[in-house]
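# A look at the structure
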Amino acid sequence: MSQEVKPVIHTFACPPHLRPKSSKKSPSPSSSNPGSPALGPNKSRLKFLKSPILRARSLVTPPTSPELFSLPKPKRMPEENKKLMQFCTVCASNQNRSMAAHLLLKENGFNVASFGTGSTVRLPGPAIDKPVVYQFNVPYNEMYRELSTRDTRLYTANGVLNMLDRNRRIKDHPERWQDQNQVFDVVFTCQERCFDSVCIDLLHRGAKLSRPVHVINVEIEDNHVEAAAGADAILELANMICQSPDPDTEIIEILSAWQKTHQKLPSLYQMCYF
Amino acid sequence: MSVAQLNGAKAVVRENPALYPEIVKGILNIADRPETDLRRWCAAFLVDAFASPDLSEEVKQTLATESLAALLTLIGDRDFVVLRHAITCTGIVYPLLFSYVCTRPMEGKLWDDLRRLKGSALAHWSAEQRHLGISAACIKLAQVIVQVQSKQPSHRGDVSLANVPSGHPLIEPVELLAEASGLLDRLLSYFTEPDLDVVYFQASFNAVLSLVQSRPSLGPKIVSAVLAFDPNRKRHSCSIEAVDIALKYVDKSLQLELGALAHHNMVPQYTSGIQRFLAKISEGRANASLRKRAAEVEDSPMAKRVRLADADMPLITTTRLPGGEVPLSDLYSLVDADNALAKFNARDLQLNVAIEIAMSSLSQANQTLLDNCLSIVSKRYDSVPESGRVVKRPSDDTPPPAQEALAPAAPEEFDISNPPKFNPEQIATRTVELVSRLEAAAKDAPAEEKLEGVDALRRSVLEKWTANAWIFVASRAVSRGVPADSVVATAIRDHLYNYVITDFRARLEVMVWWLSEEWYAEYVLAENAPEDSAKSIYYQQVGRIVDQVLPRLEMSDSRTLIRFFSELPDLNRDIIFKLRGICQDPERSGLGFRTLKFLILFKPPTKEACLDLLTELYKEGADGAEAILKKHRPEAVSEPQA
């Protein structure tokens, strides 16, 4: 139970090519001026700049066009990015996995919300086939009070009361993904089914707002220990995304680097639109 | 003014979204500020405002007319973050302003500005674009334009060409329709391009799928383009480490969203096509790892140097050897001396491994390269006697054999004495040994190959040695290769006969194959086919096999017997009359009659002989004959009664 969250010191293994670029690095052409021929002859070079090997090589061979140097360098500080980007975490019931990650991201200064994709909120009950079922708009506090009067010993032993106590300090009630219309830059889901629900829901919404969103699934088992570990991993990934000067372009490399250090948390990714 | 101050405005609208119009008007002048941070903030704020679910369409429309000038400034920006937001924003305001102009034919300037905004935004959609955020925003904008500029009869709130009143002075539907069609083609062309970038792919895929939903008439065109997509045949633009993960994401996208399309039957004529495509994707991934590795090797700049398969010349092309004593290996060497291959001692290989390597290399060799290599070696060889050098073998631990010094031998000095002739017994023994060896070699070979096939012989012998390959060789050799009555032929025939008889049920196919070869050689290829079938080798062998097989058949073997008789190329009276015994056997007579009935029905040339046999059997009082005769030769049945 992650009610008392330890202060987390993250020393994540961000590979060199993903670290924020120093000023010595090759300028990144933004091709902002469509009329400028500057990028034309460098087409092939630019195309492969995404590959780390070739990007490193581009340090050795400076770009031939002088115009490339005059283009502005992308620079964004991570802390600033945290404030600029909207994150959200999604699991089935908006209780355990999404809330553990919600708390951790919030404590680390991210703008974060959390949701569930299930039809109802299900909590472990007296038996595996007898879950406690609530509607999504019932406040955590109410659930806490009701369950503590119903059977304090049971719901303390299975960790539900601790979890609800943590959750009621984060927000009022569990929210359902399909019933809200907020927009985010990055959505973390904690289960493939939730990932599917989010992607299909976005597709059915018709993408009328044209806003790109990165939907990332981190497969986390639904128990307290795994939820805490998963939250750490999500925080690490969120930090890596914020540290990138151009997360839209580097997202696959970021996920690949992150996945290397988190083999037990298989990931999925989809670029969608709101 | 700083970003921190501006964030205060953000906090205000988060509390009360109704204040968006007011604040947007206040921040529009930031669009041309020199500070990048401020312009980024401004562009992002505009996106937030237009994407806000709390503002009505009318409010957003008014806000869009007011923000158009600022957007035009931002779309000319050089910062990629500003651009990403500005293009996203263009995608949101385009339908709003389009519908605004539809109802206000006098807004000529606004329409011009909107077209300029659209043009400037789409100019960022190019192959050189390395910021995928900008590409994704452009793709989405293109989708919005296709959606707006199509003729679909639209429902309430949906903006399309249907909203344009006829005779509108500004909007020309034909021109816009053509532009939309061009943009759709460009969106769809990505699926057939050789490069694959996950983010670009998913952006395109999501964009066109939302078009399938909003404009069902475009559905078939879009889905057929998407189904031509093959992620396994693409060059990946991500790093080598990320290829696996990228393919996984692409597969998931295809499965998830095409699956949803098929599930909701949104493009009915393609539903089964989508299901087949998805089955192929999940099936193909299992063995795709090999292909993926191949792609990686191609991508590596290091790998290009050792790729010889496509080259027509070897690495070392010199046809002259250096002066002094030269090791023999240099004569043949076509790779660098410091190449690892040149240092490798081929003697370390086991003989069978070496043969296998040599055979498979030869079978895959590039013919031009091989010819060039041979001619280079031949020229080097020719140059040796001219210069009079002695070419020595490389020093070796083991004492070299007799050819210590090798000068090209003169052809007249070379002689191989003729081997002693074999006597007939020796020939027969050697032949049997040879065929047995072939058979033994076949035991380890894969058995999956079927016997029939036009080029079966060539394929089995030259390309792939399979379990049945020796049958091809042996039966072809015995029927055409050696004199019919020779010792060799008899030996091979006996061997084949023993082989098929040992397990005639399983080797029925082999039996038919061999006998067909015999028949073909005797009756089709040969100029004088034997008139008397008693002298025919084919009939001798068939008779021998039938005599041996019939007594061993059981009632459950009716399929085997019918198949054997029906697949033999020819049957004569003698062979058919061999069935008499089995028809008279009370326990197995059904087997014989069933075979005769089958032959009468399906092998007309044998019909008379079969009916004659049946008539005889009928006269002898056999039970099963009457029923068949009644149908096929009723006079034979009625005769005795008459």
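Residues numbered from 1 in each chain as written. Chains lettered and ligands numbered in written order. Predicted model: local features only at pLDDT ≥ 70, side-chain atom pairs only at ≥ 80, totals over all residues. Heavy atoms only, no water.

### Comments concerning the overall build of chain A
Rule in force here: Under the DSSP-based scheme used, a helix requires at least four consecutive residues in state H or I and a strand at least two consecutive residues in state E, with every element numbered from the N terminus. Contact definition: two residues touch when any of their heavy atoms are within 4.5 Å. Only the protein chains shown count as covering a residue, and every accessible area follows the Shrake-Rupley method with a 1.4 Å probe.
Within chain A one finds ten helices and seven strands. Considering only contacts within chain A whose residues lie at least 6 apart along the sequence, 74% involve residues at least 24 apart. Here chain A has roughly 12100 Å² of accessible surface; of this, 54% comes from carbon and sulfur atoms.

### Digging into the overall build of chain B
What counts is decided by this rule: Three exposure classes are used, based on accessible area relative to the maximum for each residue type with a 1.4 Å probe and protein chains only: buried under 20%, partly exposed in between, and exposed over 50%.
A count of helical and extended segments in chain B gives 30 helices and five strands. The proportion of buried residues among the 642 residues of chain B is 45%. Taking the intrachain contacts of chain B between residues at least 6 apart in sequence as the baseline, contacts between residues at least 24 apart amount to 66%.

### As for the packing of helix α6 (residues 140-157) of chain A against helix α7 (residues 160-170) of chain A
Residues and elements named next belong to chain A. The following threshold applies: Only C-alpha atoms enter the line fits that serve as axes; for helices the fit covers just the stretch in contact. Angles between N-to-C directions range over 0 to 180 degrees. When an angle is under 35 degrees it counts as roughly parallel; over 145 it counts as roughly antiparallel; between 65 and 115 it counts as roughly perpendicular; any other value is oblique. For a crossing to be left-handed, the near helix must be turned anticlockwise from the far one by less than a right angle; the clockwise case is right-handed. Residues are sorted three ways: Asp, Glu, Lys and Arg are charged, Ala, Val, Leu, Ile, Met, Phe, Trp, Tyr, Cys and Pro are nonpolar, and all the rest, Gly among them, are polar.
For the pair α6 and α7, the least separation of the axes is 9 Å and the interaxial angle reads 160°. As the angle between them shows, α6 and α7 are arranged roughly antiparallel. In the packing of α6 onto α7, the handedness of the crossing is left-handed. Across the interface between the two elements, Tyr-140, Asn-141, Met-143, Tyr-144, Leu-147, Ser-148, Thr-152, Tyr-155 and Thr-156 of α6 pack against Val-160, Leu-161, Leu-164, Asp-165, Asn-167 and Arg-168 of α7. Residues that form the contact of α6 with α7 fall into these classes: eight nonpolar, five polar and two charged.

### Topic: the sheet that holds strand β2 (residues 111-116) of chain A
All names here are of chain A. We apply this condition: Strands pair, by our definition, only if DSSP identifies at least two bridges between them.
Strand order in the open sheet formed by five strands is β2-β1-β5-β6-β7, and the pairing between neighbours is mixed. Strands with a single pairing partner mark the edges of an open sheet, and in this sheet they are β2 and β7 (267-273). If you compare each strand with its neighbour and ignore which way they point, the axes differ by 20° on average. Across seven bridges, strand β6 (residues 212-218) lies against β7 in antiparallel orientation. Bridge pairing in β7 links His-214 to Met-271. Contacts between helix α9 (residues 224-243) and the sheet are confined to β1 (86-91), β5 (186-189) and β6, with β5 contributing the most and set at about 160° to the helix.

### A few points about helix α2 (residues 20-27) of chain B
Residues and elements named next belong to chain B. Going by this rule: Directions pointing from the helix axis toward each C-beta atom define the arc.
Residues of α2 that are buried include every one of Tyr-20, Pro-21, Ile-23, Val-24 and Ile-27, and no others. Buried residues in α2, looked at end-on, bunch into an arc of 165°, giving them a common side. Lining the buried residues of α2 we find α1 (3-15), α3 (36-51) and α4 (57-75).

### Here we look at the packing of α2 of chain B against α3 of chain B
For any two helices packed against each other, the geometry comes down to the angle between their axes and how far apart the axes lie. Residue and element names in this part refer to chain B. Contact geometry of α2 with α3 gives a least axis separation of 11 Å together with a crossing angle of 155°. Considered as vectors, α2 and α3 are oriented roughly antiparallel to each other. In this structure, α2 meets α3 at a crossing whose hand is left-handed. Contacts from Tyr-20, Ile-23, Val-24 and Ile-27 of α2 reach α3 at Trp-41, Cys-42, Phe-45, Leu-46, Asp-48 and Ala-49. Tallied by class, the residues present in the contact of α2 with α3 amount to nine nonpolar, no polar and one charged.

### As for the pairing of β6 of chain A
Residues and elements named next belong to chain A. Filter applied, for reference: Look down the strands so they point away from you; if the path from the first strand over the helix to the second goes clockwise, the crossover is right-handed.
Most of β6 is tucked away: seven of the seven residues are buried. By the alternation rule, side chains of β6 split into Pro-212, His-214, Ile-216 and Val-218 and Val-213, Val-215 and Asn-217, which are all buried. Inspection of the sheet shows β5 paired to β6 by four bridges, in the parallel sense. The partner of Thr-189 across the bridge, within β6, is Asn-217. As for the winding sense of the linkage, the β-α-β connection from β5 through helix α8 (residues 192-205) to β6 is right-handed.

### Here we look at the packing of aromatic side chains
Think of a pair of aromatic rings as described by two things: how far the centres are apart, and how the planes are tilted against each other in angle. Short version of the rule: Put simply, two rings from Phe, Tyr or Trp (the six-membered ring, in Trp's case) pair if the centres are within 6.5 Å, and we call them stacked under 30 degrees between planes, edge-to-face over 60, tilted for the rest.
Applying the stated criterion to the full structure yields 24 aromatic pairs over all chains. Look at Phe-87 of chain A and Phe-188 of chain A: their rings are 6.0 Å apart centre to centre, the planes differ by 10°, and that puts the pair in the stacked class. Residue Phe-87 of chain A is located in strand β1, and its partner Phe-188 of chain A is located in strand β5; the two are separated by 101 residues in the primary sequence. Considered together, Phe-87 of chain A and Phe-188 of chain A belong to a single accessibility category, that of buried residues. With 4.9 Å between their ring centres and 40° between their planes, Phe-598 of chain B and Phe-602 of chain B make a pair best called tilted.

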